[in-house]
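What follows is the residue order along each chain.
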Amino acid sequence: AQSVAQPEDQVNVAEGNPLTVKCTYSVSGNPYLFWYVQYPNRGLQFLLKYITGDNLVKGSYGFEAEFNKSQTSFHLKKPSALVSDSALYFCAVRVGTDGNKLVFGAGTILRVKS
Amino acid sequence: KAGVTQTPRYLIKTRGQQVTLSCSPISGHRSVSWYQQTPGQGLQFLFEYFSETQRNKGNFPGRFSGRQFSNSRSEMNVSTLELGDSALYLCASSLGTGRGTDTQYFGPGTRLTVL
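Residues numbered from 1 in each chain as written. Chains lettered and ligands numbered in written order. Predicted model: local features only at pLDDT ≥ 70, side-chain atom pairs only at ≥ 80, totals over all residues. Heavy atoms only, no water.

Visitor: What exactly am I supposed to notice about the overall build of chain B here?
Guide: Counting its regular elements, chain B contains 0 helices and 11 strands. Reading the secondary structure of chain B in the N-to-C direction produces β-β-β-β-β-β-β-β-β-β-β. For 115 residues, the compact-globule estimate of 2.2 N^0.38 gives 13 Å, and the C-alpha radius of gyration of chain B, at 13 Å, lies within 12% of that figure. Taken along the three principal axes of its C-alpha coordinates, chain B extends 40 × 25 × 25 Å. (Helix = DSSP H or I, 4+ residues; strand = E, 2+ residues; numbered from the N terminus. Rg over C-alpha atoms; globule rule 2.2 N^0.38 Å.)

Structure follows, in structure tokens:
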């Protein structure tokens, strides 16, 4: 069965510094990988996805993610963090044969301090 | 385009009651999926509807059910509510190609509290 792991419950970073939120996955077949962000009392906002092709995916709000097949990872990155990036981040995986079902990681709280 | 809308935003029910939640997808989207979010279990897939048919189902008891209408709007119903059903229920819509590459766009959720 497919699964996603986000090994860090919380990541703290200073404003202006680069940030990384980690995600590893386990699937049989080709993975379709997604990152979402959730602000308090809000739904999930789509950031970016990897389907195929270039391993470096660029998304919304300056975020990008790098797909690494050998390490089964899909880490989210941003070169310069903003205080407004503070939120809960979810990595998710979907296997192509499983329709639209997303399997989510447990989430990582990102705190950016000024 | 308007985003995914969910009504109501907040609900308070008592054990044993039933509840119906509504979701209107983005115009042109034919697939609607439902997820339950709780602090203990995280985000879990409930089911997906496409063209008024359930296309996929998660591991939830039969008390959880749903349906989709011809205009792609969807409802989910929870009968005989239990305290553990307290959660944020999220609806997501997508084009519905079924290839797994679609992006799902989420609504703001319905916060259900069971007393």
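Visitor: Help me out: how do you make sense of the sheet that holds strand E1 (residues 5–7) of chain B in this one?
Guide: Each strand in a sheet pairs with another by means of backbone hydrogen bonds, the pair being arranged parallel or else antiparallel. Residue and element names in this part refer to chain B. Across the sheet, 4 strands lie side by side as E1-E3-E8-E7; this open sheet has antiparallel pairing. Across the chains shown, the open sheet's two edge strands, defined by having one partner strand only, are E1 and strand E7 (64–68). The mean inter-strand angle of the sheet, taken between neighbouring strand axes irrespective of direction, is 20°. Pairing geometry for E7 and strand E8 (residues 74–78), over 5 bridges, is antiparallel. Following the sheet pairing, Gln-68 is matched in E8 by Ser-74. (Pairing = 2+ DSSP bridges. Axes fitted to C-alpha atoms, helices over the stretch in contact; angles between N-to-C directions.)

Visitor: Can you help me understand the interface of chain A and chain B in this one?
Guide: Interface size is commonly expressed as the accessible surface area that is lost when the partners come together. Between chain A and chain B, the residue contacts involve 21 residues of the former and 25 residues of the latter. Both faces combined, the contact of chain A with chain B buries some 1800 Å², and carbon together with sulfur accounts for 48% of it. Seen at the junction of chain A and chain B, the total is 0 salt bridges. On inspection of chain A and its partner chain B, the count reaches 6 residue pairs in polar contact (both at pLDDT 80 or more). Mapped by element, the contributors of at least two residues to the side of chain A that touches chain B are strand E5 (31–38), strand E6 (44–50) and strand E10 (87–95) of chain A. The element that contributes the greatest number of residues to the side of chain A that touches chain B is E5(A), accounting for 4 residues. (Contact = heavy atoms within 4.5 Å. Buried area = accessible area lost by both parts, 1.4 Å probe. Salt bridge = Lys/Arg side-chain N within 4 Å of Asp/Glu carboxyl O. Polar contact = N/O pair within 3.5 Å; in protein donor to acceptor, adjacent residues only side chain to side chain.)

Visitor: Looking at this model, I keep getting lost on the pairing of strand E11 (residues 110–114) of chain B. Mind explaining?
Guide: Working note: regular strand, side chains alternate between the two faces of the sheet. Residue and element names in this part refer to chain B. Taking every second residue as pointing to the same face, the buried face of E11 carries Thr-110, Leu-112 and Val-114, while none of Arg-111 and Thr-113 on the other face is buried. Bridge count for strand E2 (residues 10–13) against E11 is 4 bridges, and the pairing is parallel. Counted as the bridge partner of Ile-12 is Thr-113 from E11. Note: strand E9 (residues 87–94) against E11, 3 bridges, orientation antiparallel. Its bridge partner lying in E11, Leu-88 is registered against Arg-111. (Buried < 20%, exposed > 50% of the residue type's maximum accessible area, 1.4 Å probe, protein only.)

Visitor: How should I be thinking about the state of the cysteines in this particular structure?
Guide: Put plainly, two cysteines are in a disulfide when a covalent bond ties their sulfur atoms together. Residues and elements named next belong to chain A. One pass over the full model with this rule turns up 2 disulfides over all chains. Each disulfide pairs two cysteine sulfurs, and for Cys-23 the partner residue is Cys-91, the sulfurs being separated by 2.0 Å. Residues Cys-23 and Cys-91 are joined through a disulfide that is left-handed, its torsion about the S-S bond being -60°. Of this pair, Cys-23 sits in the loop between strand E3 (19–21) and strand E4 (24–26) while Cys-91 is found in strand E10, placing the two residues 68 residues apart along the sequence. Each member of the pair, Cys-23 as well as Cys-91, carries the same accessibility label: buried. (Disulfide = S-S within 2.5 Å.)

Visitor: Hey, could you run me through the pattern of salt bridges in this one?
Guide: As a working rule, side chains carrying opposite charge can pair if their charged atoms are close by. All names here are of chain A. For the structure shown, the criterion picks out 8 salt bridges over all chains. Of the charged contacts, one joins Lys-58 and Glu-64 as a salt bridge, the two residues approaching to 2.9 Å between their closest N and O atoms. Among the salt bridges present, the one from Glu-66 reaches Lys-77, with a minimum N-O distance of 3.5 Å. Of this pair, Glu-66 sits in strand E8 (residues 64–68) while Lys-77 sits in strand E9 (residues 73–78), and the two are 11 residues apart along the sequence. Judged by its relative accessible area of 29%, Lys-77 falls in the partly exposed class.

Visitor: I would appreciate a short explanation of the environment of Arg30(B) in the present structure.
Guide: By the secondary structure assignment, Arg30(B) is in the loop between strand E3 (19–24) and strand E4 (31–38). Taking C-alpha positions, Arg30(B) is 8.7 Å from Arg73(B), a pair spaced 43 residues apart along the chain.

Visitor: Just checking my understanding: could you explain empty space enclosed by the protein for this structure?
Guide: A probe as big as a water molecule, rolled over the atoms, marks out the empty space that is left. Using the criterion set out here, one finds 1 cavity of 30 Å³ or more in the structure. One number sums up the size of the largest cavity: a volume of about 50 Å³. If you go around the largest cavity, the residues you meet are Asn41(A), Arg9(B), Tyr10(B), Leu88(B), Pro108(B), Gly109(B) and Arg111(B). (1 Å grid on protein atoms, 1.4 Å probe; cavity = no way out; pocket = protein on both sides within 12 Å on 5 of 7 lines; lining within 4 Å. Points joined across faces, edges and corners; volume = space filled by probe spheres on them.)

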